[in-house]
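Each chain is listed here by its residues.
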Amino acid sequence: MILKEFRELRRDRRTVAMLVVLPLLLLTIFGFAANFTVDSLTTLVVGPGAQEAADRIAASPAGGTLDVRDVEPADDRAEAVEALAANRYDVAVVAADGAVPEVLVDGTNLFAAQAANVVVARLGDAVHAEILFNPDLETSWVMVPALIGLILTFIGTIITSIGLVKERAAGTLEQLAVMPLRPIDVIVGKIAPYFLLAALDLVVVTVLGMLIFGVPFTGNVALFALAGAIFLFVVLGIGVFISTVSQNAGQAIQAAILVLLPQILLSGIIFPLDAMPIGVRWIGYCLPLTYFTQVSQGVMLRGAGIDALWLPVVVLAGMAVLVFGAAVWRFRASITPRRPRGAALAAPATAAAPAAPAGAGR
């Protein structure tokens with residue numbers, strides 16, 4: 001019996017990969033990604049004394065952490081706040097003539113804000129610090145917008161893929177091949193209930209997060225809804241694609257885990273992207289949850305508009321087209337009846353068979 005199970009396991013290459021290769025891969029990738037320390041904070045310096053303040057930062061012990069990217073003497077505090085709301089910088093320093101420099105910190109980037117607090121504490125009374133958008137550095141304020149995307153990912157990936165695989169096992173999907181429907185019509189019809197369910201969850205989780213945890217919603221509701229709808233198309237497309245490459249529910253769950261784990265650990269929800277090595281960080285930039293989290297945090301906490309969030313929205317739209325197109329193509333191939341090999345050659349031979357008796361009777 002034991003030998004039989006080993007033989008069965010050897011034939012199932014996907015399970016062997018899950019048992020042997022996947023743990024080694026996860027250990028390597030997530031071992032490098034598991035870092036909460038942010039060593040560099042992108043910094044903007046504005047105000048009439050901006051250049052002098054930037055020189056002092058570079059010469060001080062804080063210069064190793066505050067990475068001054070831009071110095072804008074003509075800008076003021078309002079423009080510095082706008083730059084932080086657009087998520088272009090972690091810290092902004094306002095240096096007015098004859099006044100104590102003011103350090104503005106983006107509180108939505110939790111680990112970067114904690115690192116900035118350490119730097120500001122070293123400077124003491126030489127600066128005045130203020131944390132924006134999340135003044136108390138509440139973890140729930142940062143996590144709830146990210147958890148909204150994670151819940152949508154779970155519904156769109158696992159539930160959709162398993163539901164379609166069960167229909168495949170029952171033979172329902174193959175029956176659709178003889179109906180006058182395009183593959184995209186079939187997919188839209190199949191995922192519509194999941195889309196509506198996930199959209200309802202989007203509203204419920206957002207409202208509960210605001211009521212239970214006091215998370216603010218300071219931005220545009222329409223922009224948030226647009227990004228949520230596009231993100232849903234991406235994750236639903238991933239679920240459909242998984243269902244087309246899986247023969248049963250077990251394989252669908254295995255493939256969904258491979259998709260979900262990177263989304264959880266490499267999208268910036270738990271570990272900050274800025275703290276990851278570049279060799280691992282690029283994986284996070286390929287994940288749709290990374291960009292939806294940027295939009296949800298930007299809209300809910302910073303009140304950012306489309307002018308600041310157009311890039312993640314465009315990236316999500318591109319992912320939706322790419323993933324959904326691949327899902328439709330793979331779905332079409334999976335439900336199209338395949339002619340057995342040699343069938344085209346066997347047909348002429350069968351048709352010629354009745355002519356043989358006529359020749360034999362002469």
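Each remark here, short or long, concerns the structure printed above.
So, here's what we can say about the structure. The model shown is predicted, which means the values in this text are computed figures rather than measured ones.

1. Section: the layout of surface pockets
Move 1: Put simply, the largest pocket is a space of about 1,000 Å³.
Move 2: N87, N109, L273, D274 and Q294 are, among the 44 residues lining the largest pocket, the residues nearest its centre.
Move 3: Sorting elements by how many residues they give to the lining of the largest pocket places helix 12 (residues 288–302) first, with six residues.
Move 4: Considered class by class, the residues forming the lining of the largest pocket number 22 nonpolar, 14 polar and eight charged.
Move 5: In this model, the second largest pocket occupies a volume close to 250 Å³.
Move 6: For the lining of the second largest pocket, the secondary structure elements donating two or more residues are helix 3 (50–59), strand 3 (91–94) and helix 5 (110–123).

2. Quick notes on the sheet that holds strand 5 (residues 128–132)
Move 1: The five strands are arranged 2-1-3-4-5 in an open sheet whose pairing can be described as mixed. Edge positions in the open sheet fall to strand 2 (66–72) and strand 5, since each of these has one partner strand only. With strand direction ignored, the average angle separating the axes of adjacent strands in the sheet is 25 degrees.
Move 2: By the bridge criterion, four bridges tie strand 1 (residues 41–46) to strand 3 in an arrangement that is parallel.

3. Points about the packing of helix 6 (residues 139–170) against helix 8 (residues 183–213)
Move 1: In the contact formed by helix 6 and helix 8, the axes pass within 10 Å of each other and the chain directions differ by 160 degrees. When the interaxial angle is binned, helix 6 and helix 8 end up roughly antiparallel. Seen along the crossing, helix 6 lies across helix 8 with a hand that is right-handed. Across the interface between the two elements, S140, W141, V144, I148, I151, L152, I155, I159, T160, G163, L164 and E167 from helix 6 touch K190, I191, Y194, A198, D201, L202, V205, T206, G209 and F213 from helix 8.
Move 2: Looking at the contact of helix 6 with helix 8 residue by residue, the class counts come to 14 nonpolar, five polar and three charged.

4. Remarks on the packing of aromatic side chains
Move 1: The tally for this structure, following the rule as stated, stands at five aromatic pairs.
Move 2: Ring geometry for F217 against F224: centres 5.4 Å apart, planes inclined by 85 degrees, an arrangement best described as edge-to-face.
Move 3: Using a relative accessible area of 5% as the deciding quantity, one classes F224 as buried.
Move 4: Note on F231 and F292: the rings are 4.8 Å apart at their centroids and 20 degrees apart in plane angle, and the pair reads as stacked. Taken together, the residues F231 in helix 9 (residues 221–244) and F292 in helix 12 connect sequence positions 61 residues apart. Exposure class is identical for F231 and F292. Each is buried.

5. Side note on the packing of helix 6 against helix 10 (residues 249–265)
Move 1: Helix 10 packs onto helix 6 with a crossing angle of 165 degrees between their chain directions and a minimal axis gap of 9 Å. Comparing their axes, helix 10 and helix 6 come out roughly antiparallel. Like other packed secondary-structure pairs, helix 6 and helix 10 cross with a definite hand, here right-handed. Contact residues: helix 6 offers L150, T153, F154, T157, I158, S161, I162 and V165, while helix 10 offers A249, A252, I253, A256, V259, L260, Q263 and I264.
Move 2: Residue composition of the contact of helix 6 with helix 10, grouped by class: 12 nonpolar, four polar and no charged.

6. Structural notes on the nonpolar core
Move 1: Core analysis: the largest hydrophobic core is formed by 42 residues, its most contacted members being I148, L152, F224, F231 and F292.
Move 2: Residues in contact with F292, not counting those within four places in the same chain, are P145, I148, G149, L152, L202, F224, A227, G228, F231 and L316.

7. A few points about the pattern of salt bridges
Move 1: All told, the structure shown has four salt bridges when counted by the stated rule.
Move 2: Note that E102 is salt-bridged to R77, the shortest N-O span being 3.2 Å. Within this pair, whereas E102 is found in strand 4 (residues 102–106), its partner R77 is found in helix 4 (residues 77–85), the two being separated by 25 residues in sequence.
Move 3: When salt bridges that share partners are traced, they join R77, E102 and E130 into one network.

What counts and what doesn't
Residues numbered from 1 in each chain as written. Predicted model: local features only at pLDDT ≥ 70, side-chain atom pairs only at ≥ 80, totals over all residues. Heavy atoms only, no water. 1 Å grid on protein atoms, 1.4 Å probe; cavity = no way out; pocket = protein on both sides within 12 Å on 5 of 7 lines; lining within 4 Å. Points joined across faces, edges and corners; volume = space filled by probe spheres on them. Helix = DSSP H or I, 4+ residues; strand = E, 2+ residues; numbered from the N terminus. Nonpolar A, V, L, I, M, F, W, Y, C, P; charged D, E, K, R; others polar. Pairing = 2+ DSSP bridges. Axes fitted to C-alpha atoms, helices over the stretch in contact; angles between N-to-C directions. Parallel < 35°, antiparallel > 145°, perpendicular 65-115°, else oblique. Left-handed = near helix turned anticlockwise from the far one by under 90°. Contact = heavy atoms within 4.5 Å. Phe/Tyr/Trp six-rings, centres within 6.5 Å; stacked < 30°, edge-to-face > 60°. Buried < 20%, exposed > 50% of the residue type's maximum accessible area, 1.4 Å probe, protein only. Core = buried A, V, L, I, M, F, W, Y, C linked by side-chain atoms within 4.5 Å. Salt bridge = Lys/Arg side-chain N within 4 Å of Asp/Glu carboxyl O.

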